[in-house]
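Structural overview
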Amino acid sequence: MREPGGWWRRKSTPAKVETYTRWSFHFFAVTEVAAVGLPLFGAMPRWLTALLLVMVVGHAGTCAVAASWALDWTRGSREQPVHMLWTLGAVTVAVAVTAITITEHGPRGEDVDTAAGGIFAVVLIFGAGVIALGVRERKRIFVLVAGFAAGAGVIAYPLGLPGPSTLATMVAVLLGAGFLAFTSVFSVWLLTAVYELDAARETRARLAVAEERLRFGRDLHDVMGRNLAVIALKSELAVQLARRGREEAVDQMTEVQRIAQETQREVRDVVRGYREADLGAELAGARGVLTAAGIDCEVTGEPGGLPAEVQSALGWVVREATTNVLRHGDAKRCTVAVRTEEERVVLTVENDGVLRPSGGAGGSGLAGLRERLAAVAGTLEAGPVRESAFRLVAQIPLVAAEEIA
């Protein structure tokens with residue numbers, strides 16, 4: 001049985017922001033119906049109430065669909081919904097004209113005027129605000145808002161609304177539509193910024209991997225390039241000497257053998273240095289990287305005095321755990337603790353964002369860590385704890401590690 005609310009915690013931060021943004025605009029549709037639809041009951045005849053309520057609900061539904069399609073367009077998953085935006089504009093005008101006509105030429109009564117007048121202003125405000133979602137240029141948004149405000153006067157005044165009331169309605173539409181248009185533009189900007197920041201974080205992680213690969217490649221080139229060139233030259237010299245029957249050919253091949261063995265040793269040293277991780281350096285690096293990513297990181301414990309094999313294994317645990325927190329979690333705080341107890345060393349990494357493993361049960365990175373720890377008789381436990389936290393615990397018995405060393 002899945003934990004309630006787990007679907008939300010499994011979402012990435014950009015996905016959460018997108019979901020919140022979408023449902024905010026859907027809630028606008030509910031707000032529109034509640035604000036001007038419900039007051040219709042008891043304010044006018046039932047048939048007129050039903051007509052206006054259907055029109056308001058239809059306009060709110062059209063706004064919700066147009067907002068969803070416009071957000072899809074800003075995310076690049078749909079073409080610009082031009083036809084849908086024109087449809088929303090037409091529905092908005094139709095509802096507004098109907099409402100103002102009822103206000104001036106429908107049943108008499110203050111309640112009728114208030115209810116129908118509210119529909120007139122509100123549908124223009126919400127229509128302009130939602131259409132702004134599908135417009136990218138700032139100047140066009142200004143023209144859109146000003147056009148709806150001017151349209152309110154063009155519609156209301158010829159149908160009999162007094163001049164002062166028409167002007168007040170235009171100002172109300174201008175301010176309300178301007179506010180909703182600003183909200184729409186800001187929501188799109190914020191959503192885009194969050195996705196770009198997430199992409200930048202992924203790019204930073206890939207660049208770190210690429211930089212490490214380049215470093216390893218440079219080290220191998222420095223070690224093998226010179227030695228392979230010498231081996232090639234001495235091998236060619238040995239061939240020439242052998243063809244002439246010279247005994248020096250054996251000496252040259254012996255030297256080639258020596259250089260090859262030396263190269264093997266140097267390559268092993270390079271690989272060993274690449275695979276080994278210094279625990280103190282990894283702890284300091286984890287604190288710096290997580291802090292730079294906006295995650296409060298607390299590191300406790302001293303790695304000094306631990307065997308080199310233990311430091312190397314735990315250093316890789318810190319490195320992998322830090323990568324998981326950055327790439328697969330949604331953490332705001334992370335704690336890393338190193339402690340020695342009962343002839344064993346324990347490393348604990350805990351963060352307040354439940355991880356989303358990138359593959360397999362527990363992720364291939366955790367499987368690799370278990371293999372590294374197994375080489376020093378260590379164990380690894382990882383999984384969610386409490387309501388919204390993830391904990392990784394690595395343990396290595398010091399006696400076994402010293403025997404392996």
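Residues numbered from 1 in each chain as written. Predicted model: local features only at pLDDT ≥ 70, side-chain atom pairs only at ≥ 80, totals over all residues. Heavy atoms only, no water.

Bringing the packing of helix α4 (residues 82–105) against helix α5 (residues 110–131) into the picture now. Between α4 and α5, the shortest axis-to-axis distance is 8 Å and the interhelical angle comes to 165°. It follows that α4 is roughly antiparallel to α5 by the angle criterion. Here α4 runs over α5; the crossing is left-handed. Contacts between α4 and α5 involve L85, L88, G89, T92, V95, A96, A99, I100, I102 and T103 on the former and, on the latter, V112, D113, A116, G117, I119, F120, V123, L124, G127, V130 and I131. Its residues assigned to classes, the contact of α4 with α5 shows 15 nonpolar, five polar and one charged. (Axes fitted to C-alpha atoms, helices over the stretch in contact; angles between N-to-C directions. Helix = DSSP H or I, 4+ residues; strand = E, 2+ residues; numbered from the N terminus. Parallel < 35°, antiparallel > 145°, perpendicular 65-115°, else oblique. Left-handed = near helix turned anticlockwise from the far one by under 90°. Contact = heavy atoms within 4.5 Å. Nonpolar A, V, L, I, M, F, W, Y, C, P; charged D, E, K, R; others polar.)

With that out of the way, let us pick up α5. Since the α-helix turns once every 3.6 residues, residues separated by three or four places project in the same direction. Taking 1.5 Å of rise per residue, 22 residues should cover 32 Å, and α5 covers 32 Å from first to last C-alpha, within 8% of that figure. Burial runs high along α5: 16 of the 22 residues are buried. (Expected span 1.5 Å × (residues − 1). Buried < 20%, exposed > 50% of the residue type's maximum accessible area, 1.4 Å probe, protein only.)

Attention now goes to the pattern of salt bridges. The full count for this structure, using the stated rule, is 13 salt bridges. The partner of E262 in a salt bridge is R265, and the shortest N-O contact between them spans 2.3 Å. Taken together, the positions of E262 and R265, both in helix α8 (residues 248–275) and three residues apart, correspond to about one turn of that helix. Residue classification places R265 among the partly exposed residues on the basis of a relative accessible area of 36%. The residue E282 makes a salt bridge to R319 at a minimum N-O spacing of 2.6 Å. On the criterion of sequence distance, the pair formed by E282 in helix α9 (residues 279–292) and R319 in helix α10 (residues 308–328) is long-range, its members being 37 residues apart. By sharing partners, the salt bridges in this structure join E18, R22, D72 and R78 into a single network. (Salt bridge = Lys/Arg side-chain N within 4 Å of Asp/Glu carboxyl O.)

Tallying each qualifying case throughout the model produces four aromatic pairs. On the basis of an interplanar angle of 75° and a centroid distance of 6.3 Å, the ring pair of F28 and F126 is categorised as edge-to-face. In this pair, F28 sits in helix α2 (residues 13–37) while F126 sits in helix α5, placing the two residues 98 residues apart along the sequence. Look at F28 and you get partly exposed, because its relative accessible area is 22%. Overall, F126 belongs to the buried group, its relative accessible area being 13%. Consider the rings of F182 and F186, whose centres lie 6.2 Å apart with planes at 20°: the pair is stacked. Placement of both F182 and F186 in helix α7 (residues 163–243) is noted, with a separation of four residues, approximately one turn of the helix. Under the relative-accessibility criterion, F182 is labelled exposed at 56%. On the basis of relative accessibility, which here comes to 40%, the residue F186 falls in the partly exposed class. (Phe/Tyr/Trp six-rings, centres within 6.5 Å; stacked < 30°, edge-to-face > 60°.)

Turning to the sheet that holds strand β2 (residues 333–341), a few remarks are in order. The five strands are arranged β1-β2-β3-β5-β4 in an open sheet whose pairing can be described as mixed. The open sheet has two free edges, formed respectively by β1 (296–300) and β4 (379–385), since each of these has just one partner strand. Pairwise comparison of adjacent strand axes, ignoring direction, gives a mean angle of 10° for this sheet. The pairing of strand β3 (residues 344–351) with strand β5 (residues 389–397) spans eight bridges and is antiparallel. Among the inter-strand pairings, N351 is bridged to a residue of β5, identified as F390. (Pairing = 2+ DSSP bridges.)

So, on to the side chain of T92. With respect to the element layout, T92 can be found in helix α4. Exposure remark for T92: the relative accessible area of 0% places this residue in the buried category. If sequence neighbours within four positions are ignored, T92 has contacts with H59, V123, L124, G127 and F148.

Now for the pairing of β5. Pairing between β4 and β5: seven bridges, direction antiparallel. If you follow V385 over to β5, its bridge partner there is A389.

The next thing to look at is the packing of helix α3 (residues 46–74) against α5. When two helices pack together, their arrangement is captured by the angle between the axes and the distance separating the axes. With their axes 10 Å apart at the nearest point, α3 and α5 run at an angle of 10° to one another. By the angle between their axes, α3 is roughly parallel relative to α5. As α3 runs across α5, the sense of the crossing is left-handed. Within the contact between the two elements, α3 uses L52, V56, H59, C63, A66 and A67 and α5 uses I119, V123, F126, G127 and V130. Broken down by class, the residue content of the contact of α3 with α5 amounts to nine nonpolar, two polar and no charged.

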